[in-house]
Every structure is written in structure tokens, then in C-alpha cells.
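# A look at the structure
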Amino acid sequence: MTLTAVIFTIFALLGLWGALTVLFHRKPVYNALGLLLNFVSLAAMYIMLNAPFLGVIQLIVYSGAIVVFFLFVIMILNLRDPLSDMDLSFKGLTAFILVIATLSALGVGLYLAHLPQWQLGPEGSPQALGELLLKDYLIPFELASLLLLVAIVIAVVLGKKGEEQ
Amino acid sequence: MNYTYWILILSITYFFIGTLTVLFRRNALIMLMGLELMLNSANFALITVGNIVNSLEGQVFALVILAIAAAEVALGLAIVINLYRLKGTANIDEFNNLRSE
């Protein structure tokens, strides 16, 4: 194993730890921090996968904005006590078995498929991504901005509606 | 040893943990965190596959998904706050107003 692979594995395990914290920890603040750990290690892995622009955007948008947003809501709702909301009923266990079956089928399919040899693609620098976004993918790009505008308006309306009651 | 396989398996594992969070936690806030985990694992798989097919388009897709995830989490959290104001809890088992008696 090369040094890069070792560092990648370390970040992969850190991300796994963060995800398991989200699943199993009972205090909401720790869940949010586990989410943060997952996002930061994913950003590091993006940078190692030749996507430096996306790694930085991941750090800014996910770890910067979304995790802070989650923490803000936890603070507003005053979720101080540990939650005991694990639902291990029959319905949940059936769904668990189905999910395991589906995803292990996916894993076996990947194993049987002849995946191409690993290689690093072109580097996703801001310039290259910007040229692609503003030439070939202009319409999806503009639609994403429209979607963000609509989301802002709906968030304001939802907040106002709660205030009136 | 093919790295592609292991990275895609890692992405499936993250997706799996996100799915389990949505399935087993009953708090709406934690369920939204599980959704974020799932979206992130999809981004991760897109970037990996973009690398092995030697194209930048995977990263463009990931960027658009990132914008959608930001919009989704803003709306989701606004809804969670409204639900909490309505019943004083974020546990989704409490919200059964549409169930016929």
C-alpha cells in the first residue's frame, strides 16, 4: 500500500466513525458532531480523488453551513436530554433485512462486474469545472439557482406561518 | 487489488448507515441527518466513477446535488421547527393526525 492509500484509509475510517455516531449516539449535539466528522473526512477524500474544488465546497457548504444549521435548530428546540428514539419494532427489522439484502446484492454485483482499473481522472479545478458548468451544463446550473431561490422563499413563508399561531 | 471496488463499497457503507438512521431513529431531526449521509455517499460515488471514466461530469453532477441538498435541509429544518411548535416534540410517531380513527 502506498502512503496515499494509507491516508485515504484513515479518512475512510474516520468518516465511518462519524456516520456510526450519527446512528447510535443518543445526544443530538453528538449526532451533529458525528455528521461534521463524516463531512470533513469526505472533503479530504474528495481532495485526494482529484476534486479539490468540490472538497473545498463540501467544507464550506456542508461542514460550514449545514452542520451549523443543525446545531442552531438543536439549540432552538432545546434538545438537551438524551433521546431514546431507537425503533426496533418488527416493521423496522423487516426493513433492515430488506436494506441489507439490497445493498449486499449491490456489493456482490460490483464484485462480479469487471470494474475498470483504478485511475485518477482530470483534476476538477475551479476553472475546468466553471467552463463545463457555464457551457455544457448551463441550464441545470441556472435551474439549481432557481431551486435555491424557491427554497429561500418557502423557508421564509414556513417561518412566518409558525409565528402567526 | 482494485481500489475502485473498495471505494464504491465504502460509499455503499455510508449509504447503508444513512438508511439505517432514517429507518431506526424516530426523531425527525436525526432522520434529516441520515438523509444528509445518504446524499453525501451518492456524491462520493459520483466523484469516484467520474475518476475512473476519466471525465469531469461526475463532479458537475455532485455540485448540483450539493445545491439540492442545501435547499432540502433548509426546508426540512423549517418543517421540523413547525412540527415542534405544533406538538412540542419532534418524534414522528406523534404526528398521526391523518390516521382515521
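Below is a summary of the structure that appears in this document. What you see is a predicted model, and the numbers here were worked out from it, not measured in a lab.

So, on to the overall build of chain A. Helices and strands together make up the secondary structure of chain A, namely six helices and zero strands. Start at the N end of chain A and walk to the C end: the helices and strands fall as α-α-α-α-α-α. Expected size for 165 residues packed as a compact globule is a radius of gyration near 15 Å; at 20 Å, chain A overshoots this value by more than 25%. The C-alpha extent of chain A, read off along each of the three principal axes, is 55 × 45 × 30 Å. For chain A, buried positions account for 24% of its 165 residues.

Let's shift gears to the interface of chain B and chain A. In many reports, interface size means the accessible area that the parts give up when they come together. Chain B puts 59 residues into the contact, and the matching count from chain A is 67 residues. The element contributing the most residues to the side of chain B that touches chain A is helix 3 (residues 57–87) of chain B, with 21 residues. Residue classes in the side of chain B that touches chain A are distributed as 39 nonpolar, 16 polar and four charged.

Turning our attention to the environment of B:G18. Within the secondary structure layout, B:G18 lies in helix 1 (residues 3–24). When sequence neighbours within four positions are dropped, the list of residues in contact with B:G18 reads B:G34, B:L35, B:L37, B:M38 and B:S41.

Next up on the list: the packing of helix 1 (residues 3–24) of chain A against helix 2 (residues 28–48) of chain A. All names here are of chain A. Taken N-terminus to C-terminus, the directions of helix 1 and helix 2 make an angle of 155 degrees; their axes are 7 Å apart at the nearest point. Relative to helix 2, helix 1 is oriented roughly antiparallel. Between helix 1 and helix 2 lies a crossing of left-handed hand. Residue-level contacts link T4, F8, F11, A12, L14, G15, W17, G18, A19, T21 and V22 of helix 1 to Y30, N31, G34, L35, L37, N38, S41, L42, A44, M45 and M48 of helix 2.

What follows concerns unusual backbone geometry. The phi dihedral of A:N50 is positive, around 70 degrees, even though this residue is not glycine. When you line up the elements, A:N50 lands in the loop between helix 2 and helix 3 (52–77). In this structure A:N50 comes out as buried when scored by C-beta crowding, with 20 C-beta atoms within 10 Å. The phi torsion at B:N54 lies on the positive side, around 60 degrees, for a residue other than glycine. Considering the arrangement of structural elements, one finds B:N54 in the loop between helix 2 (28–52) and helix 3.

Conventions adopted
Residues numbered from 1 in each chain as written. Chains lettered and ligands numbered in written order. Predicted model: local features only at pLDDT ≥ 70, side-chain atom pairs only at ≥ 80, totals over all residues. Helix = DSSP H or I, 4+ residues; strand = E, 2+ residues; numbered from the N terminus. Rg over C-alpha atoms; globule rule 2.2 N^0.38 Å. Buried ≥ 20, exposed ≤ 12 C-beta atoms within 10 Å, placed from the backbone. Contact = placed C-beta atoms within 7 Å. Nonpolar A, V, L, I, M, F, W, Y, C, P; charged D, E, K, R; others polar. Axes fitted to C-alpha atoms, helices over the stretch in contact; angles between N-to-C directions. Parallel < 35°, antiparallel > 145°, perpendicular 65-115°, else oblique. Left-handed = near helix turned anticlockwise from the far one by under 90°.

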